[in-house]
Every structure is written in structure tokens, then in C-alpha cells.
Amino acid sequence: MGFGFRWMIVAISVQFLIVAGEYFKPFNVSYDHRALIIDGKRRMLISAGIHYPRATPEMWPDLISKTKQGGADVVETYVFWNGHEPVRGQYYFEGRYDIVKFVKQVGSSGLYLFLRIGPYVCAEWNFGGFPVWLRDVPGIEFRTDNVLFKDEMKRFVKKMVDLMKEESLFSWQGGPIIMLQIENEYGNVESSYGSRGKNYMRWAAKMAVGLDAGVPWVMCKQVDAPEYIIDACNGYYCDGFKPNSDKKPIFWTENWDGWYTSWGDRVPHRPVEDLAFAVARFFQRGGSFQNYYMYFGGTNFGRTSGGPNYITSYDYDAPVDEYGLLSQPKWGHLKDLHAAIKLCEPALIAVDSPQYIKFGSKQEAHVYREIVHSSGQKLSLYESKCSAFLANIDEHKSVTVKFLGQAYTLPPWSVSILPDCKNVAFNTAKVGAQTSIKTVRFNDINDPAYLRMMVPNQVTRISESWNSVKEPIGVWSNSNFTFHGILEHLNVTKDRSDYLWYTTRIHISDEDISFWKDNQLSPALNIHSMRDLVYIYVNSQFTGGAKGKWIKVVQPVNLTQGYNDITLLSQTVGLQNYGAFLEKDGAGFRGQIKLTGCKSGDIDLTEFMWTYQVGLKGEFLKIFSTDDNISAGWTEFPRDAIPSNFSWYKTHFDAPGGVDPVVLDFRSMGKGQAWVNGHHIGRYWTLIAPKDGCKPCDYRGSYDSDKCTTNCGKPTQSWYHIPRSWLKATDNLLVIFEETEKTPFEISIKSGFSETICANISENYYPPLNAWSSPNNTSGKISPNTLIPELHLQCDAGHTISSIEFASYGTPRGSCRKFSKGSCHAPNSFSVVSEACKGRNSCSIAVSNAVFGGDPCHRVVKTLSVEIRCSSSSYIGSALMK
């Protein structure tokens with residue numbers, strides 16, 4: 001046995017345990033070279049990433065339940081320092097940041113928890129999780145051998161470890177926490193800090209272990225991690241990863257099952273066949289802990305998205321989507337994969353290293369076999385613990401291999417899993433799970449499904465009645481101040497707002513006016529370097545703008561004789577969250593700001609007197625709050641009114657009926673922020689993705705974030721999530737701040753659900769995974785000759801199967817929403833499926849001749865293809881009553 005953590009046994013009364021909440025019998029966690037050891041047993045563990053502040057507490061139970069149903073053993077989350085300590089020494093553990101409540105809910109579900117304290121998290125989260133006040137500590141340098149940073153980091157990490165102890169949430173206390181992480185991908189930037197980086201890494205490891213948490217600590221992407229810290233892999237593929245010691249197990253802390261998205265970019269997707277291939281290869285080649293980043297991505301509510309320029313959605317193409325709905329077939333296919341791996345677990349934990357068999361240049365097997373002796377008799381192969389993984393890493397062709405006397409055909413870029421070294425339970429490239437196609441549309445409790453189907457192009461606006469108020473340009477309060485020169489953006493705002501106004505005044509002579517007119521020239525404002533976005537105003541009139549990261553800006557301006565006010569609005573769109581020297585990155589402007597093209601030469605405005613105003617007046621007045629603020633000066637905004645940029649709008653609306661997730665459709669808007677009943681749902685921006693670059697996706701071959709993209713020529717994000725718990729049935733307040741001249745009349749509110757569901761299973765597909773006997777009770781064998789495949793269909797919660805759109809048992813052609821009958825078709829296909837499924841939330845149909853009244857075409861492999869439509873149960877009930 002490798003490095004073991006001492007089991008700290010605490011004498012706790014039964015009464016205290018009931019109050020504190022003991023979710024497990026207290027158990028020890030350690031590890032050896034093969035796996036994590038939980039309560040004395042090696043485990044093969046599937047972990048699922050869920051970031052608690054990217055959902056509401058009301059969503060947590062359902063997310064955790066779907067994670068468990070999907071076959072995960074562990075929930076993983078970061079700890080978000082800037083959410084928990086927004087002001088130094090003032091901690092916040094409420095609402096979406098109630099981490100104790102989240103951990104307890106994970107434990108009560110029977111799942112373990114992997115807590116990644118960091119406290120640097122990256123995570124496409126604002127400032128990488130660091131509180132902005134941290135950069136204001138004099139002399140501080142982040143993530144290096146700097147005593148000021150180390151003191152602050154240790155204080156917060158200790159705070160979190162102590163909090164978990166106080167709440168009895170570690171495994172040795174009967175809690176779910178089995179593992180912790182210190183730092184995060186530091187190996188990517190360590191060399192930037194030289195020897196001080198190495199010293200800091202060693203200090204962080206020693207500090208963490210010294211907190212006596214009583215569970216193992218991990219460092220990811222840290223090849224020089226100390227011997228008492230597990231170094232782990234992050235990436236799309238980690239099957240070739242080896243830790244820096246043969247005493248450590250192979251862990252995969254981030255399996256990137258999708259990717260994040262920036263405003264104006266295409267939306268990336270990772271095919272589930274490739275994702276399953278990567279996971280199967282990892283366990284095939286000796287891995288024992290794998291975490292999906294993300295299993296549920298969620299939403300960057302408020303101003304929490306990192307950057308610059310990451311969108312509000314953090315869907316990440318995860319198995320559970322941003323709204324909490326299952327993404328199918330990703331969720332279902334991975335569920336089957338997890339079940340197949342669990343069938344192999346007895347053999348995987350029994351063997352220190354597998355037997356390797358090479359079939360060809362790109363085909364191989366790894367066999368985990370423990371020959372057990374009983375009463376002096378050597379058992380046969382199939383009476384022992386034996387599981388095998390057969391892999392074909394060829395990207396183009398299927399290959400038939402011979403293994404233990406049997407032939408197995410392996411599709412390209414796939415792994416077949418044989419829990420008993422004989423029968424295939426699962427192949428990564430063969431997807432049997434249903435495909436769900438989500439619909440986002442307006443619906444109402446009095447709007448039954450059949451009526452909506454009659455008017456599919458109907459646009460239902462959220463409101464015809466809006467009020468507005470104009471945001472002042474430039475200085476708007478007595479809190480402004482004047483300074484000789486250009487100040488760095490964050491040094492002024494402290495990230496209290498995205499917005500910072502810079503205003504100066506310049507005198508233009510008659511000679512300059514004549515010079516420009518005579519020479520047909522225009523002066524220009526020249527900004528040496530800026531990020532993320534700037535709007536330029538001259539005498540309160542919008543002149544132009546630019547976006548980018550540390551780019552040069554040259555903007556022609558129209559000046560008049562006499563004094564002219566030049567106002568620059570600097571914006572942040574998420575603070576930098578990745579890289580070395582984050583505290584030095586800053587925002588706003590760098591270098592000189594000049595007025596060029598003047599008769600006497602360029603005028604350096606950098607050293608002028610500038611007046612600074614932080615934020616927006618509407619932000620300061622909190623006109624987005626549920627309390628109607630009379631001082632804001634709201635007035636009616638008629639549809640024929642002339643719009644202007646930098647305007648606030650508000651209206652009231654009723655929530656859609658039912659339980660489906662609710663979204664705002666902002667495709668008609670420009671750029672801004674939105675609040676519902678005082679809750680900040682995030683930034684919005686209708687930047688259009690490039691028209692080209694989206695093409696049919698082939699799962700075969702190595703994946704990267706540019707390989708499989710969608711949404712070309714469309715806004716990167718159109719729909720913005722409003723959690724149901726933030727809504728009332730009626731009279732909800734929506735407030736938006738719009739930076740462009742767009743008006744809000746076309747905004748609509750919609751609810752989303754999986755309306756169309758398809759599945760496609762052949763009679764030679766594998767038996768259902770639950771048909772295998774439990775390896776905990778027997779040896780995990782199956783008799784496939786007596787079992788047949790099944791086709792499974794399931795609507796979202798609160799929905800039932802309202803109609804069968806297509807059903808054919810035989811040789812159907814096409815794909816979901818494009819199915820057609822083939823030359824062979826069982827006449828009763830529709831009636832069989834209808835009887836089994838219609839009116840139910842879910843159904844299963846055996847794929848066999850017997851079910852469909854005989855063989856419709858002899859000596860041909862038959863397939864059952866089905867497409868159904870799901871509708872809200874309340875709509876169906878309403879329709880029936882009418």
C-alpha cells in the first residue's frame with residue numbers, strides 16, 4: 001500500500017451526528033499505485049463536475065440526482081474565493097454560494113465529493129476566482145514565492161478546510177469529501193516565475209497537507225508535484241498519462257467534454273462517441289479516477305464570466321445542459337459507458353497491471369484477469385475475474401480481431417468493453433441512447449400543445465408596454481474625481497462595475513478648424529492600447545468604438561471651435577482568468593492617448609486633467625431592484641419613440657406555465673445587461689459568429705475545440721436563462737440596460753424542453769446493461785442468447801409522449817426527423833410503439849421479431865427506428881378537458 005492518510009477518529013455523540021448529518025459511516029481514504037482506496041477497497045471512480053454558483057440552490061437536488069442516475073460516483077467542484085470573500089475578511093456563504101448546503105446535498109444523495117479549493121480556479125470565471133481586492137495589497141504578487149500572497153492564500157484555504165471540518169463533511173467524519181485539490185494547472189505557468197515558482201509550488205503542497213484535512217490532496221498538470229501529492233492530468237485525452245511516481249495512481253481531474261465560448265465565436269461541441277472513446281481508453285490503460293469537466297456547466301450569472309469576452313452561458317456541451325435538461329445522446333451514452341466500466345470494476349481493482357495484447361498497428365487489448373484458486377483447483381478463465389478492453393485507434397476503418405478464440409469487429413476510433421472477457425457489453429462508437437432535440441418556444445398554461453403546433457412561427461413578445469430612462473453620458477454624480485493623467489481601469493473601479501468614464505476637455509482654435517477644412521482632413525483620437533471595449537463620445541455625441549484585447553484604436557472625431565469634451569467609456573467584459581501575472585494584467589488603457597492631425601502637431605492628452613466616474617447612474621440607484629425607484633425618472637416608452645443608446649428599459653411580465661426552464665430571447669437586442677426581479681441574469685451581446693467553419697462532424701480522430709462547431713452566421717448566444725426560483729407566477733420585473741439603439745419590443749420569453757426524441761436500435765445491438773448480473777452478487781456474467789436489445793425513450797420530467805411521429809421495424813432509412821421506411825417494414829410497427837409509449841413519460845420496446853408479430857424480412861438484420869413528440873402533461877390534460 002502506498003502513502004496513506006491517517007484516519008482521524010473523532011469521538012462524536014450520536015446526538016451530534018444527527019444534528020451535523022452523517023451521510024456515510026466514517027471511512028478512511030488513501031491510495032496506492034493503482035487507485036483511490038475507500039474504506040479499505042480500491043475503487044474505479046467516475047466524477048462529475050458541477051459548479052454550485054452556476055446554478056441556484058433550487059436546481060442543485062435535480063442536478064445531483066441526474067448525476068447519480070448517469071452513473072457517477074463523485075461530484076467535483078471548485079471553491080470560488082471571490083464569491084465567498086468579496087471584501088477582505090467578510091465571508092459570504094448564502095444563496096448560490098452556500099457551499100456547505102451543496103456539499104451536504106451531495107452527501108445525502110450517496111455520492112462522494114472532490115473539492116478543488118485552489119484557490120486559483122481559472123474556470124472561465126471572473127479573475128480566475130481571485131477577489132479583486134487581492135491585487136490591491138501593496139507588494140503582492142500572485143502565485144509565486146511572495147509572502148503577502150501566501151499569507152492570504154493560506155488564510156482562505158484554511159478557512160475552507162476548517163469550515164468543512166466544522167460541518168463534519170470529510171469522509172472520516174461521515175461526510176462525502178474524499179479528496180482535495182490545491183492550486184490549479186500551475187505547471188502551465190510555473191516556469192514564468194523561475195525558481196520562485198518552484199518554491200511556491202512546494203510551499204503550497206506542504207501548506208495544504210499541513211491543514212490535516214485527513215484526505216488525499218491532488219495537484220493537476222503538475223509534473224513536479226511532491227511525493228505526498230497526487231499529480232493528475234487535464235485534457236481531452238489522458239490515456240497516455242503517467243504520474244511522476246510509480247506509487248501514485250493515474251487520475252484525470254479534467255476531461256474536457258466540450259469547451260467554452262467567446263462572444264462572436266462559433267459554438268463548440270464534442271461528439272459523444274469520441275468522449276466515450278477517451279474515457280474507455282483511460283480506464284483501459286490503467287486509469288482509475290476520471291472527472292468530467294463539465295457534467296453540468298450552468299450559467300455565468302451576474303458579472304461572473306471570465307475573459308475577456310466569455311459568454312454568459314457556460315453550457316460547455318455537457319451531459320446536463322445549462323438549464324438542467326439532459327443532453328441526449330451524450331448523457332445516455334455515457335450512462336451506458338459507466339455501467340459497463342462498473343461491470344469491470346472487480347477485475348480492474350484486483351489486478352495491478354493488465355496483460356497487453358497487440359492485434360495490429362492500431363489495434364490492441366488490455367486484459368485484467370485474476371485467476372482465483374479454490375480447494376486447490378485452478379478455475380477456468382471464465383470462472384475468474386476477467387475483463388477486457390479491445391481498442392481500434394484507426395480513424396478510418398473497422399477491423400476484425402481475434403481474441404480468446406472469438407472474432408470481434410471494432411469500428412474505427414472505438415473501444416469494445418468485455419466485462420467477462422467474452423461478451424461485448426458496450427462499444428464507444430455504437431450509440432444506443434436516444435437523441436433529444438430541444439425546442440425553445442413560448443408556451444402558456446392555457447396554450448395546449450396542439451394549438452402551438454398549428455402556429456409554429458408565432459412570435460409572442462414579452463410585453464407591449466415599456467418604460468425607459470436615459471443613462472447620462474460621462475459624469476453623473478458627486479462621487480467623481482479629477483486626476484492629472486490616465487489611471488488604470490481596475491485601480492479605479494475595483495471591479496464594482498464594468499464601466500468607467502474618462503472625460504477631458506480640449507480647446508480647438510479657428511486655425512485648426514480652417515486647417516482641417518482647407519486640407520480636407522479630420523482629426524483622430526489615437527489610443528495606443530486598450531481592452532476590452534471602448535466607446536468614444538465628443539460633446540456627448542457617440543463617435544465610435546472598438547473591442548479587443550490590448551489593441552490600438554484610431555477614431556476620427558468631429559470637433560468644433562472652442563472647448564470640446566472628449567469622453568471615453570472603458571468597459572470590462574470579464575476579467576482575465578488564465579495566465580501568469582494576473583495581478584498585472586489590468587484593464588482600460590495603456591500608453592498614450594493623442595489627438596492627431598492638428599495644425600501644430602499631435603496633442604498628447606495623456607497628461608491632461610481627466611475626470612473619472614465609476615459605473616452607471618442606474619447601477620448606483622439600483623433601478624433594477626424589485627422596489628420601484630421613483631428617483632430614477634421612468635417614463636413611458638412608446639413603440640414609435642426614437643431610440644438612443646445607453647438607455648434603461650423595464651416592463652412586467654407573467655411567467656410561462658409549467659416547470660420547463662425559462663429563457664429570454666434577446667436576438668433583437670444589441671449589448672447590455674439584464675435583471676429579473678432584482679436578480680442579475682448576466683451580460684448579453686448579439687455578436688454574430690462567422691458564416692463559415694461549421695460542417696458535418698466526424699467523431700473519428702483527435703478532437704479540438706475547432707473541430708465540431710455550430711451556430712455559424714448566428715448570434716453566439718440568443719437565449720438567457722431565468723431560473724424558475726427567481727420567478728413569480730405574475731408581475732415579474734424585467735430591467736435591461738441597452739448600450740446600442742436597439743429597442744426592447746421584440747424581446748420574448750420562452751420555455752425549453754425536449755420536444756422531439758428519436759432512437760434507433762438494431763436486433764444485433766447489445767443487451768441492456770442492467771441485464772448483466774450485479775458483480776457485487778455474482779461474477780458479473782451474462783447469457784446473451786436469452787436476452788435481446790431494448791429501445792428506450794423518455795421525455796423530460798413533467799412531459800409525456802403525445803404522439804408517435806415515426807415507427808418502423810425492418811430496414812428504415814435516414815436519421816432523426818428524417819426517417820423513412822425501407823424495403824422491409826413490419827406493418828404493426830406504429831401500433832406496437834404507440835401502445836407501449838403513448839401517454840407515458842418513458843417506455844421500452846424489445847427489438848425482436850416476436851414483439852412485432854414475426855420476421856418481416858428473413859436473413860436481414862432488422863432495426864427499430866422511432867421518433868416521438870413530447871408535450872407537457874398539463875397541456876395534454878388541458879386539451880383533453882376541452
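Rules used throughout
Residues numbered from 1 in each chain as written. Predicted model: local features only at pLDDT ≥ 70, side-chain atom pairs only at ≥ 80, totals over all residues. Heavy atoms only, no water. Helix = DSSP H or I, 4+ residues; strand = E, 2+ residues; numbered from the N terminus. Rg over C-alpha atoms; globule rule 2.2 N^0.38 Å. Buried < 20%, exposed > 50% of the residue type's maximum accessible area, 1.4 Å probe, protein only. Areas by Shrake-Rupley, 256 points an atom, 1.4 Å probe, with all protein chains shown as cover. Lys, Arg positive; Asp, Glu negative; His and termini not counted. Charge placed at Lys NZ, Arg CZ, Asp CG, Glu CD. Axes fitted to C-alpha atoms, helices over the stretch in contact; angles between N-to-C directions. Parallel < 35°, antiparallel > 145°, perpendicular 65-115°, else oblique. Left-handed = near helix turned anticlockwise from the far one by under 90°. Contact = heavy atoms within 4.5 Å. Nonpolar A, V, L, I, M, F, W, Y, C, P; charged D, E, K, R; others polar. 1 Å grid on protein atoms, 1.4 Å probe; cavity = no way out; pocket = protein on both sides within 12 Å on 5 of 7 lines; lining within 4 Å. Points joined across faces, edges and corners; volume = space filled by probe spheres on them. Core = buried A, V, L, I, M, F, W, Y, C linked by side-chain atoms within 4.5 Å. Pairing = 2+ DSSP bridges.

Chemist: It is not clear to me how the overall build of the chain should be interpreted in this structure. Could you clarify?
Modeler: A count of helices and strands for the chain gives 15 helices and 44 strands. The C-alpha atoms of the chain give 30 Å as radius of gyration, which agrees with the globular expectation for 882 residues (29 Å, within 12%). Counting only C-alpha atoms and orienting by the principal axes, one finds that the chain spans roughly 105 × 70 × 60 Å. Within the chain, the proportion of its 882 residues that are buried is 60%. Total accessible area on the chain stands at roughly 34700 Å², and carbon and sulfur atoms take up 50% of it. Taking the average place of the 91 positive charges on the side chains of the chain and the average place of its 89 negative ones, the gap between the two points comes to 5 Å.

Chemist: Whenever I open this one, the packing of helix 5 (residues 147-166) against helix 6 (residues 195-209) confuses me. Can you help?
Modeler: Helices that pack against each other are described as a pair by the angle of their axes relative to one another and the distance between those axes. Direction vectors running N to C along helix 5 and helix 6 enclose 25°, while the axes themselves pass 11 Å from each other. Between helix 5 and helix 6, the angle falls in the class roughly parallel. As for the relative orientation of helix 5 and helix 6, their crossing is right-handed in sense. For the pair helix 5 and helix 6, the contacting residues are Phe149, Lys150, Met153, Lys154 and Val157 in the first and Tyr200, Trp203, Ala204 and Met207 in the second. Among the residues making up the contact of helix 5 with helix 6, the classes are represented as seven nonpolar, no polar and two charged.

Chemist: Help me out: how do you make sense of empty space enclosed by the protein in this one?
Modeler: Think of a ball as big as a water molecule: rolled over the atoms, this probe shows where empty space is left. Counted under the stated rule, the structure contains one cavity of 30 Å³ or more. Within this model, the largest cavity holds a volume of roughly 60 Å³. Lining the largest cavity are Phe127, Arg135, Leu490, Arg531, Asp532, Thr572, Leu575, Gln576, Leu582, Asp585, Gly586 and Ala587. In terms of residue class, the lining of the largest cavity is built from five nonpolar, three polar and four charged.

Chemist: Is there a simple way to explain the nonpolar core in this structure?
Modeler: One broad rule of soluble globular proteins: the nonpolar side chains tend to lie buried together. If you look at the biggest cluster of nonpolar residues, it comprises 125 residues, and the most contacted ones within it are Ile99, Met164, Trp217, Leu337 and Ile417. What Leu337 contacts, discounting residues up to four positions off in sequence, is Ala276, Val279, Ala280, Tyr292, Ile417 and Phe426. The next biggest cluster of nonpolar side chains, apart from the first, holds 48 residues, and it includes Ile462, Tyr537, Met669 and Ile749.

Chemist: Could you clarify how one ought to interpret the sheet that holds strand 6 (residues 112-118) in this entry?
Modeler: Whenever strands of a sheet pair, they do so through backbone hydrogen bonds, lying parallel or antiparallel. Taken in spatial order, the eight strands line up as 4-5-6-7-8-9-10-12 and close into a barrel, and their pairing is parallel. Geometrically, the sheet is characterised by an average inter-axis angle of 30° between neighbouring strands, direction not taken into account. Relative to strand 8 (residues 217-220), strand 7 (residues 177-182) runs parallel, the two sharing two bridges. Opposite Gln181, over in strand 8, you have Val218 as the bridge partner. Packing against the sheet, helix 6 makes contact with strand 7 and strand 8, and its axis sits at approximately 155° to strand 8.

Chemist: Before we go on, may I ask you to explain helix 4 (residues 99-108) in this structure?
Modeler: Counting along an α-helix, one turn takes 3.6 residues, and residues three or four places apart therefore face a common direction. Of all 10 residues in helix 4, seven are buried, a share of seventy percent or more. All of the buried residues along helix 4 are Ile99, Val100, Phe102, Val103, Gln105, Val106 and Gly107. In the stretch just after helix 4, Gly110 is the one whose phi turns positive, near 90°.

Chemist: Even after reading the chapter, I still don't get the environment of Ser751, so can you show me in this structure?
Modeler: Tracing the sequence through the fold places Ser751 in strand 40 (residues 748-762). Spatially, the C-alpha atom of Ser751 lies 33 Å from that of Asp532, the residues being 219 residues apart in sequence.

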